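Here is what each chain is made of, one letter per residue.
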Amino acid sequence: MHPDLSPSLPVIPEVCAELWTSAVRVLDANWAGDHTVPSRTLHPHQRSWDTAFTAIGLAYVNQPRAWRDLGSLFAAQWPDGRVPHIAFDPDTPEDAHFPGPRFWNVPAYAGRPALSSTGLVQPPLHALAAWEVYRHAAAHGADAVQQARTELDRLYPRLVAQQEYLGDRRDAGGGGLASIVHPWESGLDDSPAWDEALAAVPANPGPPARAVSGATHPPADTDHARYAGLVLDYQDGGYSDTGLAERHAFVVECPGFNAVTATAELALAQIAGVLGHPSEARRHRERARDVTAAIGRRLWNPETRTFHARDVRTGRLSPAHCVSGLLPLMLPDLEPDRVDGILAELRSERFGLPAPSHDRTAREVDGRRYWRGPVWIDVNWLLRRGLLVHGRRDDAEELRRRLVRLAHRNGHFEYFHPEEGGGLGTSAFSRTAALCLDLLADRSAPAYARAA
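Each value, and the rule that gives it
- Residues numbered from 1 in each chain as written.
- Predicted model: local features only at pLDDT ≥ 70, side-chain atom pairs only at ≥ 80, totals over all residues.
- Heavy atoms only, no water.
- Helix = DSSP H or I, 4+ residues; strand = E, 2+ residues; numbered from the N terminus.
- Rg over C-alpha atoms; globule rule 2.2 N^0.38 Å.
- Buried < 20%, exposed > 50% of the residue type's maximum accessible area, 1.4 Å probe, protein only.
- Contact = heavy atoms within 4.5 Å.
- Areas by Shrake-Rupley, 256 points an atom, 1.4 Å probe, with all protein chains shown as cover.
- Lys, Arg positive; Asp, Glu negative; His and termini not counted.
- Salt bridge = Lys/Arg side-chain N within 4 Å of Asp/Glu carboxyl O.
- Expected span 1.5 Å × (residues − 1).
- 1 Å grid on protein atoms, 1.4 Å probe; cavity = no way out; pocket = protein on both sides within 12 Å on 5 of 7 lines; lining within 4 Å.
- Points joined across faces, edges and corners; volume = space filled by probe spheres on them.
- Nonpolar A, V, L, I, M, F, W, Y, C, P; charged D, E, K, R; others polar.
- Phe/Tyr/Trp six-rings, centres within 6.5 Å; stacked < 30°, edge-to-face > 60°.
- Lys NZ or Arg CZ within 6 Å of the ring centre and 35° of its normal.
- Axes fitted to C-alpha atoms, helices over the stretch in contact; angles between N-to-C directions.
- Left-handed = near helix turned anticlockwise from the far one by under 90°.

Enquirer: How do you make sense of the overall build of the chain when you look at a structure like this?
Expert: The number of helices and strands found in the chain is 15 helices and eight strands. The C-alpha atoms of the chain give 20 Å as radius of gyration, which agrees with the globular expectation for 452 residues (22 Å, within 12%). For the chain, the spread of C-alpha atoms along the principal axes amounts to about 55 × 50 × 45 Å. Buried positions account for 62% of the 452 residues belonging to the chain. When contacts within the chain are restricted to residue pairs at least 6 apart in sequence, long-range pairs at least 24 apart make up 72% of them. Working note: accessible area of the chain is about 16200 Å², and carbon and sulfur atoms make up 50% of it.

Enquirer: Looking at this structure, I do not really get the side chain of Arg 47. What am I missing?
Expert: Position of Arg 47 relative to the elements: it lies in strand β1 (residues 46-47). Salt bridges are absent for the buried Arg 47, whose nearest opposite-charge side chain, Asp 50, sits at 5.1 Å. Those residues in contact with Arg 47, other than ones at most four positions away along the chain, are Pro 38, His 85, Ile 86 and His 97.

Enquirer: Can you help me understand helix α15 (residues 430-441) in this one?
Expert: An α-helical turn contains 3.6 residues, so a residue and the one three or four places further along point in the same direction. Between the first and last C-alpha of α15 there are 17 Å, a value that for 12 residues agrees with the 16 Å anticipated at 1.5 Å per step. For α15, a buried count of 11 out of 12 residues is recorded, marking the element as mostly surrounded by other parts of the structure. Of all the positions in α15, only Ser 430, Arg 431, Thr 432, Ala 433, Ala 434, Leu 435, Cys 436, Leu 437, Asp 438, Leu 439 and Leu 440 are classed as buried.

Enquirer: How do you make sense of the side chain of Gln 63 when you look at a structure like this?
Expert: Position of Gln 63 relative to the elements: it lies in helix α3 (residues 63-74). If we skip the residues at most four places from it in the chain, Gln 63 touches Leu 58, Val 133, His 136, Ala 137, His 140 and Ala 144.

Enquirer: Just to check I follow, could you spell out the layout of surface pockets for this structure?
Expert: If you roll a probe as big as a water molecule over the atoms, it shows you where there is empty space left. What the largest pocket holds in volume is close to 350 Å³. Forming the boundary of the largest pocket are 21 residues, of which Phe 88, Asp 89, Pro 90, Arg 112 and Ser 116 lie nearest the centre. Here the residues of the lining of the largest pocket sort into nine nonpolar, six polar and six charged.

Enquirer: So what exactly am I meant to see when it comes to the packing of aromatic side chains here?
Expert: For any pair of aromatic rings, geometry is given as the distance between the ring centres together with the angle between the planes. All chains considered together, the criterion is met by 16 aromatic pairs. Plain terms: the ring middles of Trp 104 and Trp 184 are 6.3 Å apart, the flat faces sit at 50° to each other, and that makes the pair tilted. Here Trp 104 is found in helix α4 (residues 101-104), whereas its partner Trp 184 is found in the loop between α6 (142-168) and α7 (195-198), with 80 residues between them in sequence. Assessed through its relative accessible area of 10%, Trp 184 is described here as buried. With 6.3 Å between their ring centres and 75° between their planes, Tyr 370 and Trp 376 make a pair best called edge-to-face. For the pair shown, Tyr 370 and Trp 376 are each scored as buried. Directly above the aromatic system of Trp 78 lies the positively charged group of Arg 82, at a separation of 4.3 Å from the ring centroid.

Enquirer: Hey, could you run me through the packing of helix α1 (residues 13-29) against helix α14 (residues 393-410) in this one?
Expert: Relative placement of two packed helices is described by the angle separating their axes and the distance separating the axes. α14 packs onto α1 with a crossing angle of 65° between their chain directions and a minimal axis gap of 10 Å. The handedness of the crossing between α1 and α14 is left-handed. Each of Val 15, Glu 18 and Leu 19 in α1 lies in contact with α14, whose residues at this interface are Val 404, Ala 407 and His 408. Each residue belonging to the contact of α1 with α14 can be placed in one class, and the counts come to four nonpolar, one polar and one charged.

Right, here's the structure in full:
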């Protein structure tokens, strides 16, 4: 086994200093004036999921940039509340990334010019990011605290609108969970969790999405053709969410996406408390409990004792054991037997720490293909949060050490081989760098964490 993945040694101060310096260097290099790009080559536009993770890291080194990043993304919010998964930089050439603005063909909206964003969303981690930036403001002085309070006040209604969009328009199954209409919305693009649902999607014969610059181990061409077809199908319906289960070929309830949605409600409860809205804080906590209960009702498989994605059109749970099924661990109101099931899955030969994106023992596992086997820092950061929420501080600390050593030894890569430990994808990835800062700086548990 690669030393990065073996039981970890203590992280020495020299390692921490080197990793901190290199992480800050990556974030500085990827700053584009009013937002951070995930990377200068592979992902040259602002991305929703990435912006949230990046703000969490910027909270330590540049609070104004953290708020600017979040504000820039929410300036692209649609009137219906959705936050697009990509906000396009008009100065970046169309062919720098596929699919580009013309492929999405989004009309002008809310003062935004045409072709300025996509019509998809990603997991709503932004409320948690905003809370984390606010929480660390005091370390930067009185002016930073005042700015943070102002920024929370400005962002709060936009964050609420984002949640209301997901809870209302995207509840395609009618069971209290948000549905994703494209694998890209999950943040776990080509996960085996989507294989069964995706198999029913016609492949679009148009241009190959493999044209993405710098991709080293992209999804298969057939999957890309289906991804393009789903975009065009959603686009043909005017990006409307009416009647999704009847007219759209891919409608899936993802346990990871909905776990983040419930976590966002918990963060909004904390934000509402700071802003002096106690009744709103109670409403957000109730909403978090409701989503947690719905995840338990609809996505739990008692035979595997873990969570799986649900195809809304067929009612079937995916048979794949994927890291998305472990993410409900973040929820403090998860029933104890469900917590025990996730912990058993996490400790099994299928996963381990750090957790790979897919079952290590599965026939279709591929340690080099995006979400079909590699280790990602971001979902492991979420899992670490879940361990802390449920009082598993020793496990959380062990995971923190392993992630720090993995990044220090290999660099701020997009993802890592699950056995060899080597870096894969782009080599200067913002959200890996940002989360390294948080892993180095903060070992505290969330305020709503349970005792062991």
